Amino acid sequence: MAHFLPSNSRPLWVSLLLLGLSSGLFFGVAESIKAQPISTRNKPKLAYPLAQVSNPQEEQLIEAVYLNQEAERLYHQGDAQGAIALYQQALAIFRQINVPAGAGRSLQGIGEVYLALQQEQEALSSFQEALKLFQSINHPESIAYTQQYLGQTYEQLGDRTQAITHYQQARQILEQLRRGNPEDPQSIRTSLILTESALAALAFKQGDYLPAITRYQTVLNLQREADDKIGQAYTLNNLGVVYANASQYALALDHYHQALKIVRDLANNARIRYLGAETAILNNLSSLCLILGEINQALEFSAQAATLYQTWIKGSVSGSNIPGLELLRDALSQSYLSPQIIHQSLAIRPPLGDELNVNFARAGEAVNSLNLAQIYAQQGELNQALELTQNALKTYQELNHQPAVVVSLNQLGQIYQQLGQLERAMAIHEQAIQLANQWSDGESKAQSYSLLAQAYNAQQKPEQALKFYQQSLAEYSPKSAGSILAQNEIGRLLIAQKKYSEAVQILTLAMDNFEALRPGLNDAQKVSLFEQGKTIYQHLQQALIAQNQEEKALEIAERSRGRAFVDLLARLATSQPQVNPPSPTVAQIRQVAQQQQATLVEYSLIGENSLNPELYIWVITPEGKITFRQSRLDQVLSPAGQGQVPLTRFVEQSRNILLSQRKQQSEQRLTDLYQLLIEPIADLLPTDPEKKVIFVPQGSLFLVPFPALRDEQNQYLIERHTILTTPSLQVLSHTHQLPKRRGEGALIVGNPTMPRIAVAGSSTPVSLAPLPGAETEAKAIATALGYSALIGDGATEKAVIQQMQRARIIHLATHGLLDEVKQISPTPGALALAVSPPDDGLLTPQEILSLRLNADLVVLSACHTGRGRITGDGVLGLSRAFLGAGARSTIVSLWAVPDQPTASLMIEFYAQWVEKGDRALALRQAMLHTLKDYPDPTHWAAFTLIGEAQD
């Protein structure tokens, strides 16, 4: 029988999810078709030597061999006791006629059945006796296979040291046999694969990821040599699990997708469907997407897995077209779970008989339920999450799968915490710790300790919380994702105790470990992951400010924003697939201020969504002087009759009031925002209105219309200063380094023939309204610049994309969509253009990023073009996409502006730009010009310049 391979691991990312702790389980995939270490197809071809036997003895030998075969048949039919009885009859005969090889095989069979029955001591005794017999006749293959059995038995007993010893002895013998030109090289190679896989799994469970990877790669090479496609899929999956737990997420994703491709190719080409392997890999992909914050993709993978589980279970009950041997092998691919379970043996030993496939499918379906429960919980649907988690727990309890029970208990306790039932949650976590202790599972204990700490923290008991976080840190593997959570929380609690030096030390370690998770991920994955770790940077800034290390805190503030965007820009600049530039030092920040000849204002929000937020502000002058200020938020964030509200809500309320055109309330909110954001630093800003001020917002501050903020003299900020914004100083540094005047000519688009889009509440797509004012605007600008405009049917998506890549100036006056395009683009935003099949007429950020632009300026004279999903990386939307594609600067809008004031502002902007050669000064003059005719800020304050100001 063949050993099925565990690929178990603990939570990849146990804390930075919205739930706080990942409860997604990762499936490892089995290496073979049975639950024991020797494959039926690869048992040694034993000769049964008889010294001068008579015919009656030969008949007894035949009878004993037949009994062994019948015993094996009964075993596979589910009759364990019948199998043992026949093996014992055969053993008695072999002993009577003195055939050690036959007796050894009978003892192996007895041990095999006891191992499946989880009667490990009886199995151990049988295997040890069999080993002595095979050693007495010096039969190397049988010795190696029995050592495999012993390795598995000790592993099942929890004695990893003995398990490794026996597996290594088996491996040594098999290597010698392989080099010695054996009669059955395929059998030896298969057994070597199984042994290497077992050693890899043990290394993995001990947290020794590099040896595990090395051994799995050896296994993969052997499987490729044998052209074993499904074996390669299993090993690629296992490598993915190891890489995921080693926080090498890009490699994990790559190996999972390779494995999935092989399994699906076999289904399509060989017509063999490995349901167990496919669902296991889908569950792994779902769990990893949850870690990376890609919830929609996680749900898609979970949904695919859920559908396959139903197919699997129904097929196993009513019969399946999959060959029995392959179906059995496939079922065993579901027998190990991770990453929530690590550092222990996790084999669900197969029940005997027809239950096998159903029970393994049930175990896998429970994993799927836990993943779906996470998704429900992240969406606030706690009752559904609770039900799914309880169902998974019940399944694992029925299957007597204790390590998976621990995982389910931890997830269950966490949901009760979210429901506010702290005492119940804590009792559940205590139960999980007791079970984890029985399995010597340090990582499960670490997770439980972390959850207990969360509960104590919720009860306002910081001392107990700190104690349990420290216990969890002691149990986690160094540099693991779980340890990063613990380090972050310990740092936060140390700050509360005013132990700032200790907090800085542990938070710096957490930050470095967290950033080590990023290499290899794509842009969207980096953004999502970074969102989950942003409190590390906030806590570190707090600790540094408390020690009066304001400039060091500025470095951390800059390090916490726009990192995925900076990586993207650097890759585009170098044409290298992986470029991760370091964050800027204070000296480099001063250099940016000098290069821009501007005053830089960097904001950092601490606890943005809490009722006690802090706002840090750094002002850097062109001469390099750095001044730090803090803004008091308590009074500003207490609107009349509402009590104190979180800063995020306050900014959103202010924006909504402004757009409602309620003059008095709008003026008050614009004054409130001035007091919050500008007043603390007003004395540090330049007095010359043509000197530039570059704001570096964060979080909800990206929604603030800085030009419209009002001081006590009722002056707008744009009347006092020339204003730009940037998501980070590194982005500004990048755009400054781009060559000037790379493109030629201008692309000017106005009022395309509008595409039809799907809208909520309508069964058929509807056409967007035409924009005649945008057409007038485009024609006027084209005339002023000496070019022609693309209007109506001529402004197709295809034509626009073709001209866009050559143009120096790009002006797009059309509808900018935001929430309307969620179904076609994971990143918010799209520009409406005329349809040119197969193009749909909606130009999305993903499509823009695939281009290489040479534009000095992109003007998005459309509604919502400056908005999008706000993250620690800035606003994910159209402006980011155009800068990422190579534009030196963009002008975008924060809300929909009526046609006439937009046309007035834009025409004046181009006239001023031609005159002044400075986009920031031109935009300021255009706003002041429009303000005279359209005094309401909603008509002129929406536009903002991002990037380089000068030609």
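Everything numeric in this text was worked out from a predicted model, so none of it was measured.

With that settled, consider the overall build of the chain. The helix and strand inventory of the chain stands at 36 helices and 20 strands. Relative to its full complement of 951 residues, the chain shows a buried share of 64%. Put simply, 72% of the contacts in the chain that link residues at least 6 apart link residues at least 24 apart. Just so you have it, the chain exposes about 35100 Å², and 48% of that area is on carbon and sulfur atoms.

Examined against the element boundaries, Ile-164 turns out to sit in helix α6 (residues 160-179). Through-space distance from the C-alpha of Ile-164 to that of Ala-198 is 8.5 Å; in sequence the pair is 34 residues apart. Beyond its immediate stretch of four places on either side in the chain, Ile-164 contacts Leu-199, Leu-202 and Gln-206.

Neither face of strand β7 (residues 722-725) is left uncovered, since the one carrying Thr-722 and Leu-724 and the one carrying Ile-723 and Thr-725 both have all their residues buried. Two strands pair when backbone bridges link them, and strand β6 (residues 692-696) and β7 are joined in this way by 4 bridges, in the parallel orientation. The residue bridging Val-693 from the neighbouring strand is Ile-723, located in β7.

A word on α6. In this model α6 runs 28 Å from its N-terminal to its C-terminal C-alpha over 20 residues, within 8% of the 28 Å that 1.5 Å per residue would give. Looking one or two places after α6, you find Asn-181, whose phi comes out positive at around 55 degrees.

This part takes up the pattern of salt bridges. Overall, the coordinates contain 28 salt bridges when judged by the stated rule. As a salt-bridge pair, Arg-215 and Glu-196 come within 2.8 Å of each other at their nearest N and O atoms. Of the two residues, Arg-215 is situated in helix α8 (residues 209-225) and Glu-196 in helix α7 (residues 185-205); the sequence distance between them amounts to 19 residues. One salt bridge in this structure joins Asp-512 and Arg-559, with 3.1 Å as the shortest N-O distance. Taken together, the residues Asp-512 in helix α21 (residues 500-515) and Arg-559 in helix α24 (residues 550-559) connect sequence positions 47 residues apart. One continuous salt-bridge network, built from bridges that share partners, spans Arg-171, Glu-175, Glu-196 and Arg-215.

Turning our attention to the sheet that holds strand β14 (residues 830-832). One open sheet holds the 3 strands; their spatial order is β13-β14-β15, and the pairing between them is antiparallel. Of all strands in the sheet, those bounded by a partner on one side alone are β13 (816-817) and β15 (842-843). Pairing of β14 with β15, which is carried by 2 bridges, proceeds in the antiparallel orientation. Its bridge partner lying in β15, Ala-832 is registered against Leu-842.

Our focus in this paragraph is the packing of aromatic side chains. Enumeration over the complete set of coordinates arrives at 15 aromatic pairs. Look at Phe-127 and Tyr-149: their rings are 4.5 Å apart centre to centre, the planes differ by 15 degrees, and that puts the pair in the stacked class. In this pair, Phe-127 is assigned in helix α4 (residues 120-136) and Tyr-149 in helix α5 (residues 140-157), connecting sequence segments 22 residues apart. Residue classification places Phe-127 among the buried residues on the basis of a relative accessible area of 0%. With a centroid separation of 5.2 Å and 50 degrees between ring planes, the pair formed by Trp-618 and Phe-628 is classed as tilted. One end of the pair, Trp-618, is in strand β4 (residues 614-620); the other, Phe-628, is in strand β5 (residues 626-631), and 10 residues separate them in sequence. Accessibility classification places Trp-618 together with Phe-628 in one group, the buried group. In this structure an aromatic cluster arises from ring pairing among Tyr-449, Tyr-456 and Phe-468.

With 184 residues, the main nonpolar core has Tyr-603, Trp-618, Leu-677, Ile-678, Phe-706, Leu-709 and Phe-909 as its most contacted residues. Ile-84, Ala-130, Tyr-167 and Val-219 belong to the second-largest nonpolar core, a separate cluster that totals 50 residues.

UniProt records the feature "repeat: TPR" (unreviewed entry) at residues 104-137, 144-177, 233-266 and 406-439, using the numbering of this structure. Between the first and last C-alpha atoms of residues 144-177 the distance is 10 Å; the span itself is 94% helix and 0% strand. Helix makes up 91% of residues 233-266 and strand makes up 0%, while its end C-alpha atoms are separated by 10 Å.

Time to look at the packing of helix α3 (residues 100-116) against α5. Between α3 and α5, whose axes approach to 11 Å, the crossing angle comes to 20 degrees. In this view, α3 runs roughly parallel relative to α5, as classed from their interaxial angle. The way α3 lies across α5 gives a crossing that is left-handed. Together, Gln-108, Glu-112 and Leu-115 of α3 and Ser-142, Tyr-145, Thr-146, Tyr-149, Gln-152, Thr-153 and Gln-156 of α5 make up the contact between the two elements. Tallied by class, residues from the contact of α3 with α5 come to 3 nonpolar, 6 polar and 1 charged.

This part is about unusual backbone geometry. Residues Pro-837 and Pro-838 are joined by a peptide bond in cis, for which omega reads 5 degrees. Relative to the elements of secondary structure, Pro-838 occurs in the loop between β14 and β15. Positive phi, normally seen in glycine, also occurs at Asn-98, with a value near 60 degrees. Looking at the secondary structure, you find Asn-98 in the loop between α2 (80-96) and α3.

Take the environment of Leu-393 next. Note that Leu-393 resides in helix α15 (residues 382-398). Judged by relative accessible area, which is 9%, Leu-393 ranks as buried. The sequence separation of Leu-393 and Val-405 amounts to 12 residues, and the corresponding C-alpha distance is 5.8 Å.

Summarising the element assignment, Thr-725 is placed in strand β7. Here Thr-725 falls in the buried class, since its relative accessible area comes to 12%. A polar contact is formed between the side chain of Thr-725 and the side chain of Thr-944, at a distance of 3.1 Å. Residues within four places of Thr-725 in sequence aside, it is in contact with Ile-694, Phe-695, Thr-944, Leu-945, Ile-946 and Gly-947.

Our next topic: the confidence of the model for the chain. Per-residue confidence for the chain gives a mean pLDDT of 79, with 79% of residues at or over 70. Taken as a whole, residues 819-826 scores under 50 in pLDDT and shows 13 contacts with residues more than four places along the chain or in a different chain.

Looking now at the side chain of His-815. Within the element layout of this structure, His-815 appears in the loop between β12 (809-813) and β13. His-815 sits in the buried class, given a relative accessible area of 14%. Among the polar contacts made by the side chain of His-815, one reaches the main-chain carbonyl oxygen of Ala-769 at a distance of 2.7 Å.

Attention now moves to the pairing of strand β8 (residues 746-752). The buried fraction of β8 amounts to 7 of the 7 residues, a majority that puts the element mostly inside the structure. The pairing of β8 with β12 spans 5 bridges and is classified as parallel. Residue Gly-750 lies in a different strand from β12, and its bridge partner there is Ala-813. Sheet topology note: the β8/strand β11 (residues 789-792) ladder contains 4 bridges and is parallel. Looking across to β11, one finds that Gly-750 is bridged to Ile-791.

Here the focus is the environment of Leu-677. Position of Leu-677 among the secondary structure elements: in helix α28 (residues 663-677). When near neighbours in sequence (up to four residues on either side) are disregarded, Leu-677 contacts Tyr-603, Leu-615, Ile-617, Leu-701, Val-704, Phe-706 and Leu-709.

Quick look at the packing of helix α35 (residues 899-916) against helix α36 (residues 919-933) now. At their nearest, the axes of α35 and α36 sit 8 Å apart, and the two run at 140 degrees to each other. When the interaxial angle is binned, α35 and α36 end up oblique. The hand of the α35/α36 crossing is right-handed. Across the interface between the two elements, Pro-901, Ser-904, Leu-905, Glu-908, Phe-909, Gln-912, Trp-913 and Lys-916 of α35 pack against Arg-919, Leu-921, Ala-922, Leu-923, Gln-925, Ala-926, Met-927, His-929 and Thr-930 of α36. Residue composition of the contact of α35 with α36, grouped by class: 9 nonpolar, 5 polar and 3 charged.

Cut-offs applied
- Residues numbered from 1 in each chain as written.
- Predicted model: local features only at pLDDT ≥ 70, side-chain atom pairs only at ≥ 80, totals over all residues.
- Heavy atoms only, no water.
- Helix = DSSP H or I, 4+ residues; strand = E, 2+ residues; numbered from the N terminus.
- Buried < 20%, exposed > 50% of the residue type's maximum accessible area, 1.4 Å probe, protein only.
- Contact = heavy atoms within 4.5 Å.
- Areas by Shrake-Rupley, 256 points an atom, 1.4 Å probe, with all protein chains shown as cover.
- Pairing = 2+ DSSP bridges.
- Expected span 1.5 Å × (residues − 1).
- Salt bridge = Lys/Arg side-chain N within 4 Å of Asp/Glu carboxyl O.
- Phe/Tyr/Trp six-rings, centres within 6.5 Å; stacked < 30°, edge-to-face > 60°.
- Core = buried A, V, L, I, M, F, W, Y, C linked by side-chain atoms within 4.5 Å.
- UniProt positions renumbered as here; feature names shortened; annotations may be inferred.
- Axes fitted to C-alpha atoms, helices over the stretch in contact; angles between N-to-C directions.
- Parallel < 35°, antiparallel > 145°, perpendicular 65-115°, else oblique.
- Left-handed = near helix turned anticlockwise from the far one by under 90°.
- Nonpolar A, V, L, I, M, F, W, Y, C, P; charged D, E, K, R; others polar.
- Polar contact = N/O pair within 3.5 Å; in protein donor to acceptor, adjacent residues only side chain to side chain.
- pLDDT = per-residue confidence, 0-100.

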